[in-house]
Amino acid sequence: MRRYKLTIQYIGTRYHGWQMQRDKNTRTIQGAIANAAKEVNTKSPISVYGSGRTDSGVHALAQVAHLDFDTKLTPKMLQRALNDNLPSDINIINCELVDSNFHARKDATQRSYVYLVARHRTAFGKPYVWWVKEHLNIEAMRKAAKEMVGLKNFQSFTDPDAETTSTMVNLTVVDILETPDLIVIHLVGSHFLWKMVRRIVGTLVEVGKGALTANDINSFLQHPSEIPSTLTAPSSGLFLQHIYYNNEPIERGNDVIPFGGRL
């Protein structure tokens, strides 16, 4: 049995998130990769562990997973074989042999997400953005975003989850970037809670509209509130951007923007 580190991109639109469900008919990314591995070697036990869950409909530019699998194929050959058995909206972009102690989730030091808000109506980009019709005040959003940086309690930005023991999260980056077509919200943190990123985006958009202020954001972090749950942004605009290991330097600025920032 060997352990392989997989770097995966996927369009999440057709899938019920990353994690396999009890109902085997439910489409998930993890399930699709496990099924592809079964096609490569029907006799091998298979274990696929992701760096973290992504919600239903969320995309990934570079999700990371480790695959325990018995094969004599080289990593490149295994990558090709898996892709041959995966649907076209899931793609293994890198496969490497790693030490058996490597763990995709436990060894990750930071996770990065980007959210794309469209500045105009789009036909081709619609599955990957949230079009907000109103004009957004970017400077007000940036001021509010600063309230979220650091170790904060994001209880107001998540739902109860049996797998979550604490709602304290350390965000190291909350950047608001701009291109002619997009407003891009870039977040980097130790980990992320269920629906947390989409609720951060939703509240920041309300700040941009003038309906909330930076003081409101600070209040949500200090005291439990139901308001962020009513402002959850659509999953279509959310991308898992990067998983960081071994304290590698964090990417910032335009390098994190998908599609060259164009629709």
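What comes next concerns the included structure.

Conventions adopted
- Residues numbered from 1 in each chain as written.
- Predicted model: local features only at pLDDT ≥ 70, side-chain atom pairs only at ≥ 80, totals over all residues.
- Heavy atoms only, no water.
- Salt bridge = Lys/Arg side-chain N within 4 Å of Asp/Glu carboxyl O.
- Helix = DSSP H or I, 4+ residues; strand = E, 2+ residues; numbered from the N terminus.
- Buried < 20%, exposed > 50% of the residue type's maximum accessible area, 1.4 Å probe, protein only.
- Core = buried A, V, L, I, M, F, W, Y, C linked by side-chain atoms within 4.5 Å.
- Arc of directions from axis to C-beta.
- 1 Å grid on protein atoms, 1.4 Å probe; cavity = no way out; pocket = protein on both sides within 12 Å on 5 of 7 lines; lining within 4 Å.
- Points joined across faces, edges and corners; volume = space filled by probe spheres on them.
- Nonpolar A, V, L, I, M, F, W, Y, C, P; charged D, E, K, R; others polar.
- Phe/Tyr/Trp six-rings, centres within 6.5 Å; stacked < 30°, edge-to-face > 60°.
- Axes fitted to C-alpha atoms, helices over the stretch in contact; angles between N-to-C directions.
- Parallel < 35°, antiparallel > 145°, perpendicular 65-115°, else oblique.
- Left-handed = near helix turned anticlockwise from the far one by under 90°.
- Contact = heavy atoms within 4.5 Å.
- Expected span 1.5 Å × (residues − 1).

Under the defined criterion, the tally for this structure stands at 12 salt bridges. Put simply, Arg119 and Glu178 hold a salt bridge, and the shortest N to O gap is 2.9 Å. Placement of Arg119 in the loop between β5 (108-118) and β6 (130-131) and of Glu178 in strand β8 (residues 168-178) is noted, with a sequence separation of 59 residues between them. Owing to a relative accessible area of 36%, Arg119 belongs among the partly exposed residues under this scheme. Notably, a salt bridge pairs Glu139 with Arg142, separated by 2.8 Å at the nearest N-O pair.

Among the nonpolar cores identified, the biggest contains 68 residues, and Met148, Phe154, Leu171 and Leu204 are the most heavily contacted of them. Counting residues per element, this core draws most heavily on helix α4 (residues 196-209), at seven residues. Formed by 10 residues, the second largest nonpolar core is a distinct cluster that contains Leu116, Leu182, Val184 and Ile257.

Buried within helix α5 (residues 214-222) are the following residues: Ala214, Ile217, Phe220 and Leu221. The arc that holds every buried residue of α5, seen down its axis, measures 115°, which confines them to one face. Away from its buried face, by an angle of more than 90 degrees, α5 presents the exposed residues Asn215 and Gln222.

Our next topic: the layout of surface pockets. There is about 1100 Å³ of room inside the largest pocket. Forming the walls of the largest pocket are 38 residues, and the residues nearest its centre are Gln19, Gly52, Arg53, Thr54 and Glu163. Of all elements in the fold, only β2 (47-50), β5, α4 and β10 (238-245) reach the threshold of two or more residues within the lining of the largest pocket. For the lining of the largest pocket, the residue count by class is 15 nonpolar, 15 polar and eight charged. Computed from the structure, the second largest pocket encloses a volume of approximately 320 Å³. Around the second largest pocket, the lining is made up of 14 residues, and of these Lys24, Thr26, Gly31, Ala32 and Asn35 lie nearest the centre. Here the residues of the lining of the second largest pocket are counted per class, giving five nonpolar, five polar and four charged.

Moving on, we come to the packing of aromatic side chains. Applying the stated criterion across every chain, the model contains eight aromatic pairs. Note on Tyr128 and Phe239: the rings are 6.5 Å apart at their centroids and 40° apart in plane angle, and the pair reads as tilted. Here Tyr128 is found in the loop between β5 and β6, whereas its partner Phe239 is found in strand β10, with 111 residues between them in sequence. Relative to Phe220, the ring of Phe157 has its centre 6.4 Å away and its plane inclined at 65°; by these criteria the two rings are edge-to-face.

Located in the positive-phi region is Lys195, a residue other than glycine, with phi close to 70°. With respect to the secondary-structure elements, Lys195 resides in the loop between β9 (182-189) and α4. A relative accessible area of 23% means that Lys195 is categorised as partly exposed. The backbone of Asn247 shows a phi angle near 55°, a positive value even though the residue is not glycine. For Asn247, a relative accessible area of 66% puts it in the exposed group.

Right, let's talk about the packing of helix α3 (residues 138-146) against α4 for a bit. Axis separation between α3 and α4 bottoms out at 8 Å; the angle between their running directions is 140°. Here α3 lies oblique to α4, going by the angle between them. Here α3 and α4 pass one another in a crossing that is right-handed. Each of Ala140, Met141, Ala144 and Ala145 in α3 lies in contact with α4, whose residues at this interface are Leu204, Val205, Val207 and Gly208. For the contact of α3 with α4, the residue count by class is seven nonpolar, one polar and no charged.

A few words now on α4. Given 3.6 residues to a turn, an α-helix orients residues that are three or four positions apart in the same direction. With 14 residues, α4 extends 20 Å from end C-alpha to end C-alpha; this agrees with the ideal 20 Å at 1.5 Å per step. The buried fraction of α4 amounts to 13 of the 14 residues, a majority that puts the element mostly inside the structure. With its phi angle positive at about 95°, Gly210 sits one or two positions after the end of α4.

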